[in-house]
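Chain by chain, the residues run as shown.
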Amino acid sequence: MATSSVEPRDGADAEAENAQASRWTAPESSPLTVAAHDLRVRYNVNRTDHSRKRGLIGLTPRTQRVSVGAVRGVSFEARSGEFIGIIGRNGSGKSTLLRVLAGLEAPNSGTVLTSAKPVLLGVSAALLPDLTGAQNVRLGALAMGLSPQQADDIFEDVVELSALGDAIDLPMRTYSSGMGARLKFAISLAADPEILMIDEALSTGDASFMERSRRAMDDLLERAGTVFLVNHAAQTIENMCSRAIWMERGHVVLDGDAVEVARKYRWFAHNLAQGNTSVANGLLMDARREGRDAQERDAQEDLTGFHRGQRTTTHPRRAPRHIRRGKDPGSNRADSAEAKTSNNLHDPSGP
Ligand SMILES: Nc1ncnc2c1ncn2[C@@H]1O[C@H](COP(=O)(O)OP(=O)(O)OP(=O)(O)O)[C@@H](O)[C@H]1O
């Protein structure tokens, strides 16, 4: 086994431990918000074939049609109060998975059911560059189904969270990409979605924005929401999420406690970057084995519970733990908690 190297511990670990200590805990009985079963997405693309004769005009290489498996049999369940990070290398299928979960893209096969229409940050908020930030706040809120009065009500919260200051009255085309991402994030969060999906947007903020975002997301989780966060930085996942899913080549490698999974991924990525390919491959194999073992345990526990007439769908290792300790999840949200059972899950691409 090529995993003899030991991951060095540093200041970042201590920081992550502090962050973990203040993280939230959801009861294991939290209702299901997302159920994905054996999702598969393939893209058919043209690829240049340099090994073959050149094309008609003799300048361009020939192309051939190839099929790319972006998501290859992904299954999991998410519950209210969970903050789930998705990590993995470039091209591992994170964004594709998020788009399918949000109902923006149909899988080739498999099923995804959600308890409410997910808000995918940056896509759902169809903002217009020629309108000012303030006008876009209203537009984005209406696009997410809020009434004109609700759109007015959230305005101050959005301005505060985005920290755009006077720039809120300038056209959005004058914003930097970070400013635009902050505005979209603030609008999405102020709309109080039950399921929020964020693809990388948080990387564009500074430390104080990150802290404000984290507090705002904690509030959302407290109201029994579920948040998915795609991020390349394992440290961000470690600090912010309760659970992490590590993806590699369209497969789930490991799904479990955010700190454990993010650290394993970080150590794998570090070895890969250092050119220690055999060590990295060994770490990947170990993580895959651990992931498979956990799945088998899950299946065994489900079966045992089923035979006893008390089938549960949550593995203790994956117990959602992102509702602030001692608080009642969903107490502030009329349509949450007990109203959300696995029976009211539906196709997110529907109306
Ligand atoms: N529209 C598309 N057409 C063809 N191939 C695609 C398309 N979108 C994604 N892919 C391919 O699917 C695979 C997964 O891509 P995806 O963007 O989901 O990965 P990712 O993990 O989000 O990557 P990154 O970290 O670089 O954003 C990649 O091989 C990518 O090239």
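Conventions we followed
Residues numbered from 1 in each chain as written. Predicted model: local features only at pLDDT ≥ 70, side-chain atom pairs only at ≥ 80, totals over all residues. Heavy atoms only, no water. UniProt positions renumbered as here; feature names shortened; annotations may be inferred. Helix = DSSP H or I, 4+ residues; strand = E, 2+ residues; numbered from the N terminus. Buried < 20%, exposed > 50% of the residue type's maximum accessible area, 1.4 Å probe, protein only. Near = heavy atom within 4 Å. Polar contact = N/O pair within 3.5 Å; in protein donor to acceptor, adjacent residues only side chain to side chain. Nonpolar A, V, L, I, M, F, W, Y, C, P; charged D, E, K, R; others polar. Pairing = 2+ DSSP bridges. Core = buried A, V, L, I, M, F, W, Y, C linked by side-chain atoms within 4.5 Å. Domains from an automatic or database assignment. Contact = heavy atoms within 4.5 Å.

- The name given to the protein chain in an unreviewed UniProt entry is ABC transporter ATP-binding protein, and the organism recorded there is Brachybacterium halotolerans.
- Taken directly from UniProt, the Sequence similarities (unreviewed entry) text for the protein chain runs: "Belongs to the ABC transporter superfamily."

**Considerations on the overall build of the protein chain**
Part 1: Counting its secondary structure elements, the protein chain contains 9 helices and 9 strands.
Part 2: When burial is assessed residue by residue, the protein chain has 49% of its 351 residues classed as buried.

**Let's talk about the site of the ligand**
Part 1: Around the ligand sit 14 residues in total, of which Gly91, Lys94, Ser95, Thr96 and His232 are the nearest.
Part 2: Between the ligand and Asn90 there is a distance of 2.8 Å, counted from an oxygen atom to a side-chain nitrogen or oxygen.
Part 3: One nitrogen or oxygen atom from the main chain of Ser92 is found 3.0 Å from an oxygen atom belonging to the ligand.
Part 4: Only β1 (32–54), β2 (61–79) and α2 (94–101) provide two or more residues apiece to the shell around the ligand.
Part 5: Ranked by residue count, the leading element in the shell around the ligand is α2, at 4 residues.
Part 6: Here the shell around the ligand is composed, by residue class, of 4 nonpolar, 7 polar and 3 charged.

**With respect to the pairing of strand β3 (residues 83–88)**
Part 1: Burial analysis of β3 places 6 of its 6 residues in the buried class, which makes it a mostly covered element.
Part 2: Taken together, the 4 bridges between β3 and strand β7 (residues 226–230) define a ladder with parallel strand orientation. Among the inter-strand pairings, Gly85 is bridged to a residue of β7, identified as Leu229.
Part 3: Sheet topology note: the β3/strand β8 (residues 243–248) ladder contains 5 bridges and is parallel. In the sheet register, Ile86 faces β8, and the bridge partner there is Ile245.

**Notes on the nonpolar core**
Part 1: Formed by 54 residues in total, the largest nonpolar core has its most connected members in Leu183 and Trp246.
Part 2: Top contributing element to this core by residue count: helix α8 (residues 258–273), with 6 residues.
Part 3: A domain split of this core shows at least three residues from each of domain 1 (32–48 + 64–118 + 194–326) and domain 2 (124–192).
Part 4: Dropping the residues within four chain positions of it, Leu183 is found in contact with Leu127, Gly133, Asn136, Val137, Val158, Ser162, Leu164, Ile168, Met172 and Tyr175.
Part 5: In this structure, Val41, Ile84, Ile195 and Phe228 belong to the second largest nonpolar core, which totals 23 residues.

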